[in-house]
Structure formats: C-alpha cells, structure tokens
Amino acid sequence: MNFEGLDTGMGDYPPSLHGTMDGGMDPPMDPHLNPSLMQSVELDPEGLAVPVPEPVHLVEGMFSELHSVVSEVGIPVTATHFDLQEEMLWMGNHRGHVSSFFGPTMGRFSSFQANATDDIRHIQSLETGVLFLSKSNLKCHTRGGLVVFDYAMDEGADLHSLLMTDNNTLLLGGLQNYVAEVDLTTVQETQKFSVELPGVAIMRQTGRFFFCGHTSGKITLRDLRTFKMEQEFDAFSGSLSDFDVHGNLLAACGFSSRGLNGLACDRFLMVYDLRMMRAVTPLQVHVDPLFLRFIPTYTSRLAIISQTGQCQFCEPTGLANVADIFHVNTVGQLLMSFDVSSSKQALAFGDSGGVVHLWSDAPEVSFNDYSRETDFPLPCLVDTLPQLDWNHDLLPLSLLPMPLTSTEPLLSDWPSALSTPCPRRAPPVDPEILRTMKTVGFIGYAANPRTRPRNQVPYKVKDVELDYDNYNQVPESPIGRDEEPHLYMVPKKYRKVTIKYSKLGLEDFDFKHYNRTLFAGLEPHIPNAYCNCMIQVLYFLEPIRCLVQNHLCQKEFCLACELGFLFHMLDLSRGDPCQASNFLRAFRTIPEASALGLILADSDEQTGKARLGRLIQSWNRFILTQLHQETQEQEGPQAYRGASSSSLGSSGESVIGKLFGCEVENSSLCRCGKETVRSSLTLLFNMHYPEQNSQVKEYDFAEILKKSICLEQSTQAWCENCEKYQPTVQTRNIRCLPDVLVINCEVNSAKEAEFWKVQAEVTDTFGEDFCSMDGFAFDTRAEDLRNVWIPLSLKMSISKSQGLEISSWPEGEELSAEDEAAGAALYDLVVTVSHVLDARTGGNLVVHIKVGETYHQRKEGVTHQQWYLFNDFLIEPIDKAEAAQFDVSWKVPAILYYAKRNHHSKYDPRSKCSDSEFRFFCWILSSCSTMCPVLHHHHHHQGLTCVCVCVQEEAELRSDGTKSTIKPSQMSVARITCVRGQGPNEGVPFIDDYISTQEQVVDYLTQYSGIKPGDLDAKISSKHLTTLKSTYLKLRFLIDTGVRFVGHGLQKDFRVINLLVLKDQVVDTVYLFHLPRKRMISLRFLAWYFLDLNIQGETHDSIEDARTALQLYRKYLELSRRGGNDEVRKVLKGLYEKGRQLDWKVPESDTGDGQGSPKSTAPR
C-alpha cells in the first residue's frame, strides 16, 4: 500500500547513487533468460558472512530487535517482504531501488534498480524470482537481479497491491475502477474485473474468503471466481489503513472522520466474526495503529504498529495491556512498511530514513519453516595461462600479458553516471514487404523479396553517427546555428536557448546576437530558471514593479524584496542579461513552494521530464499569493517592516489584491433546499472547457471565459441541515471586476489541446476584425491569422439583472458613454505565456509581453507600445497577431493576462521609500563603528574583495576529447570585504562579513578563499556571520551613493553577489594591467612585480587582496601621470616579458640570480 501523504513533513529525497556489478561476478543465470536483459546489479558475497558485532541476548517468546541495516541513507523504505522460499529479507525504497539481505545477520545479497522513477509498493517472492510492484508497472527479477519480465499497465493506473491466487495467476489492484488478473506464464492480462471507485488498495485471502480493502474505509468480501461482492463491512468513516484475516476473525485499523478537523487515527480496532458476518466488540489499543498482522503462534495474537515506532501485542477478543507495548528504535524516523515472516518468528520494519529493522523472539531465527538453499555468486576464477613459445614466428603479440605501468584511470572505469545507453535503432521495414503484406488477425504475412542476406540486418553506421554528431556539435558562435534539421517545426526564436561557456566564461559569448533591444533578458542556467518568463511578466506590470521596489523588510528570504533587487538590475541594464540567482535561492527556501512541487531537481530540468505548462500555471498562482501575503499594508513606515509583518492573517489590503483581486461569491445549494453562501478573494481563474463530442461546434472565447469565471458544477458536499454528504450544486459569481484578469489556460492534456485546435480552425472572427481595423500596419496573410482563437480585447460588465457579461471587442475602439455609465470596462491582452513542445530539448517556456510606454520612455526615450517575445536572454519584437497565435502541435497556451484599459492611473508609479530606505540602510550599517564617515563621502574609492565557495558544476566530454561546460560551477558568496580607499583610515576594512548559506558546500576552495569548514556554520563559527541580504543592502547603498570600487576580477565578484554596477563605478585591476589578446594576470604576480609583495602564500586573505588592489590602482595612476598611455604600455610589455620568463610563477625568494621584481632590483 502506498503511504504518500501520511506525513506532510516528508519532502523530496535526494537521488541515491547505485554502483554497478563487478565484472568478475557471474551470478547464476536461468538458461531461458535473455542475457541482454541484465541490469546493473550489486552482489557482495563477502558481506554475507558478516557476524553480529556483539552477542544479542533475546528473551524466548518476547520480540526484540535482532539486527538493523541501512539500505540507502535518507531514502524511505516503502516495502518489505520475507522471501517465502529462501532465508532472505527484501526491501524496496522510494526511488525504485531494491535490496535483499540474507539470514538474521542481514548480510547484503543483491541490490539493483527495479524502477527508474516510481517507488516500490509491494514485493512478492516466487519460485523462480521476485515480483516488484510500482505505480503502473509490474516487474519480475531473479534473486540475482536479472530481468525476467517487465509488464506495464494502462495509462492512468495507480497500483497499490497484488495477490497470488495460485502459482501462475495474480490480481493487481489499485486506485482505479478495475482489478486486473495476470497470467504469469504468458505475462498477459486474462481478464479485468470492474470495481467501484476509489478502487482496491489492499487484498487478503484465506482458505474460504477473499477480501478487498478500500480507501473509503470499507472492506468487501468477494467471490474469487466472479469477483461479485458477497458482503460489505463499513469499518471506518474516514479511510482504511490496514487489515488482516485469521481463522474466523477479521481485524482492521484506519482513520475516522472528525468533521471539519479532517481525519484522525482511530484507536479502536474493528473486529468481525466471519461465521456470523457481523462486528464484535471493538478492541481499544494504546497506540495509533497504522499496520496490523495476526501472529498465530500459540494463540491468535495481533501485532499493532504505529507510524512512530510503537508496537503492541494483544488478543483480538481480549483487552489490550499497556505492558505489551514495545518501541522500534527509529531515531525519530517514521515507519513506512512492515512484514511478518511465514514462520511467525521474525518481524521486519522499514523506516523513512532508509533503515530496515529485524525483530525476533528467538536468537536462532528462521524466516521459513522449510527454506531451500541459497545460491551465492561464485568468486572470479582465472584459468591457468598456457605456455607461450617465444621462438615461434607466428605467435600473436596480443597473447602476451602486459602489466599496467600507468596510474591513470582506464576507459573501462568510466562511471555509469556519466554515460547513457544508446541502443541502435531498428532499420525500417522494406516497402515491398509492406505493400504485399496480408494481415490475419494481428499477424502480417508477406513474401520475402530476397533483398537482404538471411539473418543479417545492414546498418548505415557512418551516416547515423555523422547525423548524431552534427546535432550535438552545436557551434560555439551563433553563426551556423540555422542548420538544425531536427527542429524544423519550431521556429528558431522559440527554441530553447543555451549559453556556450568557454575558458573565459561569458566574456566572449555574443548576447547581442539574441537581443538587440535595450531590455534585459534572464540567464537560464540557474536551477529552477523555468520561471524566467513569469519574472519578466511581473516586471513589465508597472504597479508590481513599483510595489516590490518600494518594499523592504527584515526577513532573510523574502520574495518581494528579492524581486525588488532584481527589478532594480533590470532597470539599470542596457540590454545585457541579468540572472535571478538570489531570487531563486530565496524561492527554494519557501516551504509552500516545495510542497506544491515547484522546486525541480536538476535531472528533471535537463531531461525534460517536468511538465512545464502545468508547472508554470502553479507557479503563477503561488507567486501572486506569496506577494499578496508579503506586501499587505501595515501600520508604520511603508518601507520598513519586521519579519512577522507578512502573516497570512493580516487584515491589510495589498496592491496585489487591488490589482488582481476579485471578490467571489460561492453558493452551495443542497437538494434539500439549504443554501450556503461564502465570500472569498481570488487572484486568478482557471479555464474550464465543455465536453467534446463527434460533432464540431464553434465556441466563442468570451463565452468559455464567462462560464469559467461564473462556474457551476455538481459535487458532493457536507450539508449541515441533512447532517451528511449530499449532492450539491455549487455556483460561483463575482461582485467586482479586477484591474488585471489572470487566466490559467489549463491545456494539460490532449483533450484540451484538441479543443483549442478545433476552435482555431473554425473561427475566423479574429481575421475579419484585423482586416477591418483602420490603420492596420501588419502583414495580414492567411497563414498569419491561422491558429488564432483569443481576442486582443474584451468588454466586461456586471449588471444586477444579467450578472457578468463578456464579449469580444475590436482593439482600436472605445466604449460609448452609455456603456461607461453602465460600468462596462475594456480589457486588452498584454501577456501570453506559451509552452513550446520540443522532443529534442524537453521543451521550454516563452512569453509575449505588450511593453508599455513608460518602459520605452525610460530605456529608449520614445513613447510607444510594442509586443516582444521573451525567451530567456533572447528578446525580439513581434507582431500582435503572433502573440495570439497558438499552434498546439508545438506552442501550447499556458497563461493569459488581460489588463483593464488605463488602469495605471489608479496607481502611483513614484518611489515612496527613499528616506525610509536610507534610514534602514543606516540601521544596518550602524553595527560597525567605522561606517559612519562613509555615509558623508560620495565618489570615493573603496577596495572590494569577494570570496566564494563552490556548489556544483556540470560538464561533458565531446567525442574529440575536448571539454564542454554544460552548467558552470555554482559559486556561492562566502565572504565580502570592503576597505577604505581614501582618508586617514585608508586600508581599514569597514565591511568584513562572512555569509551564512543554506546550501550544501561541495568545495570550500580553502587554498583560494581562505574559508575553512565550520566558518559558515552559525553554531560553531567564530567569524562575523550575517545574511547575504544584509551585506547586499550595504553594497547597494554604496553603489547608490556613487562609490567607486577597486578590486581584482570584480566583474565575476559582482556576478556572484548578483549586483549590477555601472562601468564607471568599477576599477578592475585585471583590465588595467592587461594588453589586448593577451592572458589575464593574477593579483599575486602583479603584487610581486609592481609592489614587491608576496601575497597569497598558503591561503588567500580578502583584506590583504583588497588593500593590494588599491595599491596597484595607485601604481597605475602614478604610471599614467608620469608618461601617459605610452609609458603604461611600455611597462606592461616588460610585465608580460617577465611573466613568460618565469612561467607566470612568483619566485619564492630573491636569490640574486636576476629573478627579483623590478622594484626590488631597482637602484636606491
């Protein structure tokens, strides 16, 4: 049974790494098996003889822990099973990995991957192998790990249990409306029994009876031959957790409904007498039961297990005793699975931490009464080498054994994690065979044309390899990227864009090729950057941009604050892309985002497994709700709020609520006549589509939108008058019109996509409106007007008599005075978010935005409106017709924004918080006494150094041996130091902050950063630890007051901090002492050459680096004043000549051999 959702505290679990089978191992193979079906198997023959470290003292007849073993740390054990044929214990975990352990010592026997993605839900052992059940798949392996068969169920299946009815037949049940019977001999479905929803979650069988457990809390007794229901027990009002049958007794545990409080674990076990088919006295226990099993040794004892590890033994018809409670030592983890051996001598528990616990009532335990002998893998045996005749002229040199003289790794040691199996594709069937083929049933017959040799299939290996290489060898520059034959359907500007990193990083990548506007794109290589499109949407809504830039609070991770910082960079940028790294770092810390499944694993993003269309719609709802909570107006200053100000229970109204909010009236009418009305605030609406039939019917978009907003549906709901669940009619109406109407299109399946496709084909109203408009300046060819169903403008009004009215409206026309008096409003389409389907890259998200006049005025100094396509860092102007086109074969609609015409006049676009923000900065900076003078000096130079630690990097090796960076190393800020550049305190640090991080540090880079393990841990660190947001605000204050920063490699430092600094405020010594087309020179070599300083000896010190950069800048100014550019160029030539002589390495000490620095060897 699947226990997902039992504990809401359990989040995603990191994927584990599984090793591969040693080449020397040769497990026994069934001669009927196909050798190509071998999978990655781990066999540990030495681990089978592992003794128990200390003698275990067990009391005869009383269960206690005998042994425990860790399968995979942190991966929950979702299924346990005692092998019915051999002395083995099987377990399966949340990631689809299974392991087996031999005997009471729990020595590992085998370990392999049974399912690539889904958890293991049930395990059943057979004579010839072991069955593993997952969500939609049944797989059989040998005990050594070889695949016997792999049976996939129908799409939509949600399997939870299996039951062997005889040696070759089993039943598969789950949360669907049928139970399938499968013949194991032919591995085919023999028949399918229909059951009522929600399906069958647990199945049990005794000699006379067959029982099915349902999540509705009911247990049914059925005829095993016809599957007809004979008896029904309504055990629990909430849900069923587990049940077991022994003799004439049936015992069940579950959850009871507690009204509005939801479900609660019921401490009364329901016990039924199967002779009279009625309930007997319920059994009250002292633990919260999750599992139960009969252990009929001397009496019919029941073992009741709770999720927290409590275990109680009692008689089903007696009274439970508190003294019979035992505890499984799970170290705070939750129990996820439980099984009893066939001998009733051993119990197995699997917990959420990946540990399997073995309990027994005897020291010498056996899992079965009669177990067969287990076949262990044989060790690798090397045959005796034959004698070689050295004098034989025809002796092959390949027979001579050569020792490995090199310590370099071999190609055969290539890790499996960096390789992907690429099976050879089958060639197409000869057209002559297809032409002459006759079909009888499902078998086709045709004469052999004799065009190919018998039992041989030719392959065009070279053509296939060249074709594969041409696709993967994407040019480093944008030139030549037009030739991508596999992406012919998707236009080039809509394809997924990637950054090709070189040795210089991003410096030689031509972003201008993708963006010739002055608007800033966003880089896509950051984890969870799928939301880049929605960040652009929020930025180009003027009230949202002003709202978050006026917002500031003390919370360490506030999405509104981080959006404000990001939007400030987008304002300053002149076409260069920005990155949302700080915003996404804060996003990953929000518990609600993780609970909604919005935080993707890197593997899901790269392999394209994520359903981006559904994901971005969930993200849209999440971000609007989160910003609404974080920006609700409070008493006190607008710009300064405490960490507790953004509570959900606040009564203040936010700009988000004014802009997107719509007061909704939900009415629920029971058939008894009782009507319940509730009011709420909604920020967006989901589209609901009518049922499609064979007849094609034309629908107006406005009509579908109206029915989606004023939704009417029938559902089961609680009626206080009837005091039970009754069929009710639920109706939704709106009381006011929002300023911005947000629509989630909900095109998540082929049925909705087909609906859009049909409506776009049969609707031509859009084209007529376009062609009839005055001053139409776009190309109105027929292909430009295809696949258009949504209008560019809508007219909406609310009347007391007719309620909500929506209709399409010509874009250029205004409302009449009569319509305005009636309260009607016009809405213009301003945003369309699309999911681009691409099988090669996994797809991507793009957005069309109608950029307003104020943004063009700030960026370009002109006043006009224009539609743009935003595809990460690719930005391109488009026609308005293209924004409304959706060819669902590759471009699927996801989100629509309609904005009320002239709604900006209600919102003040000016900044409100400059004074408060300044006071907030002063409050932060007052923690350091040396900060005060800085506040009164503008345009002064300050030395800056940023120290980073490495999080992760991903790269690939091409076929020619060169390295290509797929994802650059993720650097996280660890320390920021800023020293004074002028005045009496020159060189004194006024900022020296160590940055605490929530992410796991892969490499501290101590040799280059000076950061040691523990320096960033708030519990043990002796450094001045602070948050990145606090230090970010300090630097942001210095930037806004005009301070110039001097440092070495500042461009990369500001990129890691995620700050955008204007070029005239940055003095980078990397570029001051650099000749064109020459290498960059390290700070250590420059300090030795010009200042005769030996820095960065063992580790780096950021204060020393900042002071050295300031001295180098003084040296550069001295050279410039002395001889101008000619003098500087002459000195730089000498610098490069000296560097080539020393191979750019600083001598350890001057030994008088002429290798000293120019300053040390100059005459005095």
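Residues numbered from 1 in each chain as written. Predicted model: local features only at pLDDT ≥ 70, side-chain atom pairs only at ≥ 80, totals over all residues. Heavy atoms only, no water.

Chemist: Sorry, what's going on with the overall build of the protein here?
Modeler: The secondary structure content of the protein amounts to 24 helices and 54 strands. Every one of the 1164 residues in the protein was classed for burial, and the buried ones make up 49%. About 59500 Å² of surface is accessible on the protein, with carbon and sulfur atoms providing 51% of the total. (Helix = DSSP H or I, 4+ residues; strand = E, 2+ residues; numbered from the N terminus. Buried < 20%, exposed > 50% of the residue type's maximum accessible area, 1.4 Å probe, protein only. Areas by Shrake-Rupley, 256 points an atom, 1.4 Å probe, with all protein chains shown as cover.)

Chemist: Looking at this structure, how should I read the environment of Leu 184?
Modeler: For Leu 184, the location among the structural elements is in the loop between β13 (178-183) and β14 (188-194). The sequence separation of Leu 184 and Cys 140 amounts to 44 residues, and the corresponding C-alpha distance is 9.8 Å. Setting aside chain neighbours within four positions, we find Leu 184 in contact with Leu 126, Leu 131, Phe 149, Met 164, Asn 167, Asn 168 and Leu 170. (Contact = heavy atoms within 4.5 Å.)

Chemist: In this structure, what is going on with the pattern of salt bridges? I would like to understand it.
Modeler: Should their charged atoms come close, side chains of opposite charge can pair. In this structure the tally under the stated criterion is 41 salt bridges. Among the ionic pairs, Arg 222 bridges to Glu 196, the shortest N-O distance being 3.6 Å. Highlighted residues: Arg 222 in strand β17 (residues 218-222) and Glu 196 in the loop between β14 and β15 (202-205), separated in sequence by 26 residues. Residue class for Glu 196 comes out exposed when judged on its relative accessible area of 51%. The salt bridge involving Arg 901 is made with Asp 828; its shortest N-O contact spans 2.7 Å. Taken together, the positions of Arg 901 in the loop between β46 (891-900) and α17 (914-925) and Asp 828 in strand β42 (residues 825-836) put the pair 73 residues apart, joining distant regions of the chain. Relative accessible area serves as the criterion here: at 18%, Arg 901 is assigned to the buried category. Overall, Asp 828 belongs to the buried group, its relative accessible area being 11%. Bridged by salt links that share partners, the residues Asp 83, Glu 86, Glu 127, Arg 143 and Arg 372 form one connected network. (Salt bridge = Lys/Arg side-chain N within 4 Å of Asp/Glu carboxyl O.)

Chemist: It is not clear to me how the UniProt feature "binding site: a divalent metal cation" (unreviewed entry) in the protein should be interpreted in this structure. Could you clarify?
Modeler: The positions UniProt marks with the feature "binding site: a divalent metal cation" (unreviewed entry) are Asp 1053 and Asp 1105. The greatest C-alpha distance among the residues just named is 13.0 Å, despite their covering 53 residues of sequence, which places them together in space. Along the chain, the position of Asp 1053 falls in helix α20 (residues 1050-1057). (UniProt positions renumbered as here; feature names shortened; annotations may be inferred.)

Chemist: I keep staring at helix α22 (residues 1083-1091) and nothing clicks. Help me out?
Modeler: Of all 9 residues making up α22, 8 are buried, and the element is well covered by its neighbours. Within α22, burial applies to Leu 1083, Phe 1085, Leu 1086, Ala 1087, Trp 1088, Tyr 1089, Phe 1090 and Leu 1091. Positive phi appears at Asp 1092, one or two residues downstream of α22, with a value of about 55°.

Chemist: Would you mind going over the sheet that holds strand β18 (residues 229-234) with me for this structure?
Modeler: In a beta sheet, neighbouring strands are held together by backbone hydrogen bonds and run either parallel or antiparallel to one another. Ordered in space as β15-β16-β17-β18, the 4 strands form an open sheet in which the pairing is antiparallel. If you trace the sheet from one side to the other, it starts and ends with β15 and β18, each paired once. Strand-to-strand twist of the sheet, defined as the mean angle between neighbouring strand axes without regard to direction, takes the value 20°. In this sheet, β18 lies alongside β17 in antiparallel orientation, the contact comprising 5 bridges. (Pairing = 2+ DSSP bridges. Axes fitted to C-alpha atoms, helices over the stretch in contact; angles between N-to-C directions.)

Chemist: In this structure, what is going on with a positive patch on the surface? I would like to understand it.
Modeler: A contiguous patch of positive charge, built from Arg 1077, Lys 1078, Arg 1129 and Lys 1133, is present on the exposed surface. Mapped onto the secondary structure, Arg 1129 falls in helix α23 (residues 1102-1142). (Patch = residues over 30% accessible without salt bridge, like charges linked within 9 Å, V, L, I, M, F, W, Y side chains within 5 Å. Lys, Arg positive; Asp, Glu negative; His and termini not counted. Charge placed at Lys NZ, Arg CZ, Asp CG, Glu CD.)

Chemist: How do you make sense of unusual backbone geometry when you look at a structure like this?
Modeler: Negative phi is the rule for most residues except glycine; trans is the rule for most peptide bonds. Cis geometry is adopted by the peptide bond preceding Pro 198, which originates at Leu 197 and carries an omega value of 10°. With respect to the secondary-structure elements, Pro 198 resides in the loop between β14 and β15. Despite not being glycine, Met 106 has its phi angle at roughly 60°, a positive value. Here Met 106 is to be found in the loop between β5 (97-102) and β6 (107-113).

Chemist: Got a minute to help me understand the environment of Asp 150 in this structure?
Modeler: With respect to the secondary-structure elements, Asp 150 resides in strand β10 (residues 147-152). Asp 150 gets classed as partly exposed once you look at its relative accessible area, which sits at 46%. Contact partners of Asp 150, with chain neighbours within four places excluded, come to Asn 137, Leu 138 and Lys 139.

Chemist: Mind showing me how you'd approach the packing of aromatic side chains here?
Modeler: Each aromatic ring pair is summarised here by two numbers: the centre-to-centre distance and the angle between the ring planes. Per the stated rule, a full pass over the model turns up 47 aromatic pairs. Residues Phe 82 and Phe 367 carry aromatic rings whose centres are separated by 4.9 Å and whose planes lie at 65° to one another, so their mutual orientation is edge-to-face. In this pair, Phe 82 is assigned in strand β3 (residues 77-82) and Phe 367 in the loop between β31 (355-360) and α1 (431-436), connecting sequence segments 285 residues apart. For the pair formed by Phe 82 and Phe 367, the shared burial category is buried. Of the aromatic side chains, those joined through ring pairs into one cluster are Tyr 689, Tyr 699, Phe 701, Phe 755, Trp 756, Trp 789, Phe 886 and Tyr 898. Above the plane of the ring of Tyr 178 lies Lys 192, whose end atom (NZ or CZ) is 4.3 Å from the centre. The cationic tip of Arg 858 hangs over the ring face of Tyr 855; the distance from NZ or CZ to the ring centre is 4.7 Å. (Phe/Tyr/Trp six-rings, centres within 6.5 Å; stacked < 30°, edge-to-face > 60°. Lys NZ or Arg CZ within 6 Å of the ring centre and 35° of its normal.)

Chemist: Sorry, what's going on with the sheet that holds strand β8 (residues 130-133) here?
Modeler: A sheet is described by the order of its strands in space; here 4 strands give the open sequence β7-β8-β9-β10, paired in antiparallel fashion. In this open sheet, the two strands that pair with only one neighbour each are β7 (122-125) and β10. Between one strand and the next, the sheet's axes are offset by a mean angle of 15°, whatever the strand orientation.

Chemist: Explain the nonpolar core to me, please; I cannot follow it from the model alone.
Modeler: Nonpolar side chains in soluble globular proteins tend to be buried together. Of all hydrophobic cores here, the largest spans 94 residues; its most connected members are Tyr 530, Ile 535, Ile 616, Trp 619, Phe 660 and Tyr 897. Top contributing element to this core by residue count: helix α5 (residues 559-572), with 9 residues. Counting 54 residues, the second-largest nonpolar core is a separate cluster that includes Tyr 689, Leu 705, Phe 755 and Leu 804. (Core = buried A, V, L, I, M, F, W, Y, C linked by side-chain atoms within 4.5 Å.)

Chemist: Would you explain the packing of helix α4 (residues 542-549) against α5 in this entry?
Modeler: Any two packed helices are characterised by how steeply their axes cross, that is the angle between the axes, and by the distance between the axes. Taken N-terminus to C-terminus, the directions of α4 and α5 make an angle of 115°; their axes are 7 Å apart at the nearest point. Comparing their axes, α5 and α4 come out roughly perpendicular. Between α4 and α5 lies a crossing whose hand is left-handed. Mapping the contact onto sequence places Arg 545, Val 548 and Gln 549 in α4 and Ala 560, Leu 563, Gly 564, Phe 567, His 568 and Asp 571 in α5. Across the contact of α4 with α5, the residue classes tally to 4 nonpolar, 3 polar and 2 charged. (Parallel < 35°, antiparallel > 145°, perpendicular 65-115°, else oblique. Left-handed = near helix turned anticlockwise from the far one by under 90°. Nonpolar A, V, L, I, M, F, W, Y, C, P; charged D, E, K, R; others polar.)

Chemist: Mind showing me how you'd approach a nonpolar patch on the surface here?
Modeler: Residues Val 440, Phe 442, Ile 443 and Tyr 445 make up a contiguous nonpolar surface patch of roughly 490 Å² in combined accessible area. By secondary structure assignment, the location of Ile 443 is in strand β33 (residues 443-445).

Chemist: I keep staring at α4 and nothing clicks. Help me out?
Modeler: Note: α-helices contain 3.6 residues per turn, so residues at a spacing of three or four share the same orientation. In terms of burial, α4 is a largely internal element, 7 of the 8 residues being buried. Those residues of α4 hidden inside the fold are in contact with α3 (532-539), α5, α10 (655-660) and α15 (853-860).

Chemist: Mind showing me how you'd approach the confidence of the model for the protein here?
Modeler: Should pLDDT be low for a region, the predicted coordinates there are not to be read in detail. Per-chain confidence: the protein averages 79 in pLDDT, with 77% of residues scoring 70 or above. This stretch, residues 634-651, has a pLDDT under 50; its non-local contacts, to residues over four places away or in other chains, come to 33 contacts. Throughout residues 765-782 the model reports pLDDT below 50, and contacts reaching past four residues in sequence, or to other chains, amount to 21 contacts. (pLDDT = per-residue confidence, 0-100.)

Chemist: Looking at this structure, I do not really get the pairing of strand β29 (residues 335-340). What am I missing?
Modeler: Looking along a regular strand, one sees side chains alternate from face to face of the sheet. Counting buried positions over the 6 residues of β29 gives 6, a clear majority of the element. Linkage of β29 to strand β30 (residues 346-351), two consecutive antiparallel strands, is achieved through a turn of 5 residues, within which Lys 344 is found at a positive phi near 65°.

Chemist: Teacher, can you tell me more about the pairing of strand β20 (residues 249-257) here?
Modeler: Most of β20 is tucked away, with 8 of its 9 residues classed as buried. Of the pairings in the sheet, the one linking strand β19 (residues 239-246) to β20 comprises 7 bridges and is antiparallel in character. Looking at the pairing, Val 245 lines up with Leu 250 of β20. Where β20 meets strand β21 (residues 263-265), 3 bridges bridge the pair, whose relative direction is antiparallel. In the sheet register, Ser 257 faces β21, and the bridge partner there is Leu 263.

Chemist: Can you walk me through the side chain of Gln 85 in this structure?
Modeler: Checked against the element boundaries, Gln 85 lands in the loop between β3 and β4 (88-93). Under the relative-accessibility criterion, Gln 85 is labelled buried at 14%. Looking at Gln 85, its side chain comes within polar contact range of the side chain of Arg 143, at 3.3 Å. If we skip the residues at most four places from it in the chain, Gln 85 touches Ser 125, Leu 126, Glu 127, Arg 143, Asn 368, Ser 371 and Arg 372. (Polar contact = N/O pair within 3.5 Å; in protein donor to acceptor, adjacent residues only side chain to side chain.)

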